Amino acid sequence: MEGRLSLSPDRTLEIVLESIAELVDYELAVVLDIASPGRLEVRRARGPLASERLANFSISLARRPDLAAVLEGGVPRLFDRDDGSVDTYAEILELPEGHSCLAAPLLLEGRAVGLLTLDHRRCGVFSPGIVRFIGAISALVAVALAQSAESAGLRAEAARLAAERNRLLERDADAFRRLLGDSPAWTAVLDSIRLVAATEASVLLLGETGTGKEEAARAIHRLSPRAEGPFVALNCSALPPGLAESELFGHERGSFTGAQAQRRGRFELASGGTLFLDEAGDLPLELQPKLLRALQEGSFERVGGERPVRVDVRVVAATHVDLAAAVREGRFREDLYYRLAVFPISLPPLRERGEDVALLAERFLGELRSRPGWEDLRLSRGALEALRARPWPGNVRELKNAVERAAILARGGLIEAEELAADGAGPSGPGPLPAGRPLADSLADSLAGSRAGGPRPRPRDGATLDSALAAAERAEIESALERSRGRLYGSGGAAELLGIKPSTLQGRMKRLGVERSRFA
């Protein structure tokens, strides 16, 4: 079944002018709209005399009272050679004296929306009958003009919204620059951060140590309306028992021994922004009622103070312990738990994030490559297999430390599995690539540098594994071809060296543009 024909408003306006040309002999037809009070602007022009100079042409009605009278009178006018009128387009077109000129107001429900002008170089072309015909058909032109103007407005609004969308996307990219990953589990976390950031709800970040809870809190702050305000972090597990209340709420001078001056607490310092309570499960039980009141009422008293201090603070808390169990055991107030956990977000451990391990490792390597002499730092195939096999109980923090330690042991060169296992927590040696395993399924073929020391891609943060590191796959194939002297099949052939089928290798070579003849 054929689809319905769809015409843009601008095309409709052109068709109307073309149709008029079938009945009226004009050399220039121009539709002008009232873009602003007292000014006409050219919207469309057709005919042999149409010129690009008309595209941005505008007419001040204050300088053309004759055209203003046509718009006000609401009827077409045929300008006579003896009435002293100025040529409408005298500034950009040279027309002979006494040429034919007709102007018709474009009315929509009694309101002028524009003007239609018809010109011909010969005199007397437009008869009274044509003037009446143009007056009748001008209503159709007015409708087409109004639709075209509305379409232009919608396009401008769409462009504005697109620019705003791009700005927000750029802001998102900046906010998530330290939260690299594209696994489904991690993408769900980023979606939750985007969702809750625009609200004022308290957020509780849950997850094992090293999963990135503070970076997630900073992302929530950067994406929130409070982004221009302060971000104040407080590690609750490090609070000295006797000074915990002062650290959180501040104190007045002389409130206790050693209080030499008034001091503002973290709650007060974070006013207008975000307060991040890391390891909130370790908050002293005696401090929890005052924190609950501050969250509920937005006010508190400093230690030794009598006047309430009002603050405007959003709280993001984080913990690696089971707060629900702590509530049951009486170690954490139930009302405070529900006040903090308005919107809980659970950050998955690194072992559940799949290929994010390789992306994060490459990001850390990219940071290390800026050190003098470490420009060639890269991971071997065995090292990448070791990365995948390791459970990473310390999560992202452990991965970063392991990569840096391995880079030091590798002296800024090729990192083997032995360097990654130097702390005894990982595999004891490199894991061989299983025979017949497709090259694209191996992280080694995506991330490892050329064994021959060839070029290596350096992906930007946030780049996907497939797109950012495709050049490494080509380098690995070329290295195998060089070692096998261009031989694909048999013992010692490139396919065997790479652990894939010869037919698979040929397909990869064709896709990547690798020519075997270079190595034969």
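The structure we're discussing is the one just above.
Read on for a plain summary of the structure. All values reported here derive from a predicted model rather than from experimental measurement. (Residues numbered from 1 in each chain as written. Predicted model: local features only at pLDDT ≥ 70, side-chain atom pairs only at ≥ 80, totals over all residues. Heavy atoms only, no water.)

What about the overall build of the chain?
Here's step 1: A count of helical and extended segments in the chain gives 19 helices and 17 strands.
Here's step 2: Burial status across the chain gives 46% buried among its 520 residues.
Here's step 3: Working note: accessible area of the chain is about 26200 Å², and carbon and sulfur atoms make up 50% of it. (Helix = DSSP H or I, 4+ residues; strand = E, 2+ residues; numbered from the N terminus. Buried < 20%, exposed > 50% of the residue type's maximum accessible area, 1.4 Å probe, protein only. Areas by Shrake-Rupley, 256 points an atom, 1.4 Å probe, with all protein chains shown as cover.)

Here we look at the sheet that holds strand β2 (residues 39-46)
Here's step 1: Overall, antiparallel pairing links the six strands, which are arranged β3-β2-β1-β6-β5-β4 in an open sheet. Since the sheet does not close on itself, it has two edges, and those belong to β3 (58-60) and β4 (77-79), each with one partner. Neighbour-to-neighbour, the strand axes of this sheet turn through a mean angle of 25°, independent of strand direction.
Here's step 2: As paired strands, β2 and β3 are joined by three bridges and run antiparallel to one another. Residue pairing across strands places Glu41 opposite Ser58, the latter belonging to β3. (Pairing = 2+ DSSP bridges. Axes fitted to C-alpha atoms, helices over the stretch in contact; angles between N-to-C directions.)

Digging into the environment of Ala361
Here's step 1: Turning to its location among the elements, Ala361 is positioned in helix α11 (residues 356-368).
Here's step 2: C-alpha of Ala361 to C-alpha of Leu387: the two residues are 26 residues apart in sequence and 8.5 Å apart in space.
Here's step 3: Setting aside residues no more than four positions away along its own chain, Ala361 makes contact with Leu379, Leu387, Leu399 and Val403. (Contact = heavy atoms within 4.5 Å.)

A few points about the pairing of strand β1 (residues 28-36)
Here's step 1: Two strands pair when backbone bridges link them, and β1 and strand β6 (residues 111-120) are joined in this way by six bridges, in the antiparallel orientation. What sits directly across from Leu32, in β6, is Leu115.
Here's step 2: Sheet topology places β1 next to β2; seven bridges connect them, and they run antiparallel. Across the sheet, the residue bridging to Val31 is Arg44, located in β2.
Here's step 3: Connecting the antiparallel pair β1 and β2 is a turn made up of two residues, with Gly38 showing a positive phi of about 80°.

A few points about the layout of surface pockets
Here's step 1: Counted as a void, the largest pocket has a volume near 460 Å³.
Here's step 2: Taken together, 21 residues form the lining of the largest pocket, with Gly210, Thr211, Gly212, Glu215 and Arg397 sitting closest to its centre.
Here's step 3: Put simply, the parts of the chain that give the lining of the largest pocket at least two residues each are α5 (213-223), β11 (274-278), α11 and α13 (395-409). (1 Å grid on protein atoms, 1.4 Å probe; cavity = no way out; pocket = protein on both sides within 12 Å on 5 of 7 lines; lining within 4 Å. Points joined across faces, edges and corners; volume = space filled by probe spheres on them.)

Some words on the sheet that holds β11
Here's step 1: One open sheet accounts for five strands, arranged β8-β11-β14-β7-β15; its pairing is parallel. Edge positions in the sheet fall to β8 (231-235) and β15 (343-346), since each has one partner strand and no second. When strand polarity is set aside, the average angle formed by the axes of neighbouring strands in this sheet is 20°.
Here's step 2: Judged from the four bridges that link them, strand β7 (residues 203-206) and β15 form a sheet pairing that is parallel. Bridge assignment links Leu205 to a residue of β15, and that residue is Ile345.
Here's step 3: Sheet strands in contact with α5 are β7, β8, β11 and β14 (314-319), and its direction is about 155° off that of β7.

Focus: the packing of helix α4 (residues 184-197) against α5
Here's step 1: Put simply, α4 and α5 touch, their axes get as near as 8 Å, and they point 40° apart. By the angle between their axes, α4 is oblique relative to α5. In terms of crossing hand, the pair formed by α4 and α5 is right-handed. Along the contact surface, α4 presents Ile193, Arg194, Val196 and Ala197, while α5 presents Ala216, Ala219, Ile220 and Leu223. (Parallel < 35°, antiparallel > 145°, perpendicular 65-115°, else oblique. Left-handed = near helix turned anticlockwise from the far one by under 90°.)

Here we look at the environment of Leu481
Here's step 1: Within the secondary structure layout, Leu481 lies in helix α17 (residues 470-483).
Here's step 2: As for Leu481 and Leu497, which are separated by 16 residues in sequence, their C-alpha atoms are 9.0 Å apart.

Description of the pattern of salt bridges
Here's step 1: Under the definition given, this model contains 27 salt bridges.
Here's step 2: Ionic pairing is found between Arg194 and Asp191, a salt bridge with its closest N-O pair at 3.1 Å. Of this pair, Arg194 and Asp191 both sit in helix α4, three residues apart, roughly one helical turn.
Here's step 3: Overall, Arg194 belongs to the partly exposed group, its relative accessible area being 37%.
Here's step 4: The closest approach of N and O atoms between Arg363 and Glu367, which form a salt bridge, is 3.4 Å. One end of the pair, Arg363, and the other, Glu367, are both in helix α11, four residues apart, so they sit about a helical turn from each other. (Salt bridge = Lys/Arg side-chain N within 4 Å of Asp/Glu carboxyl O.)

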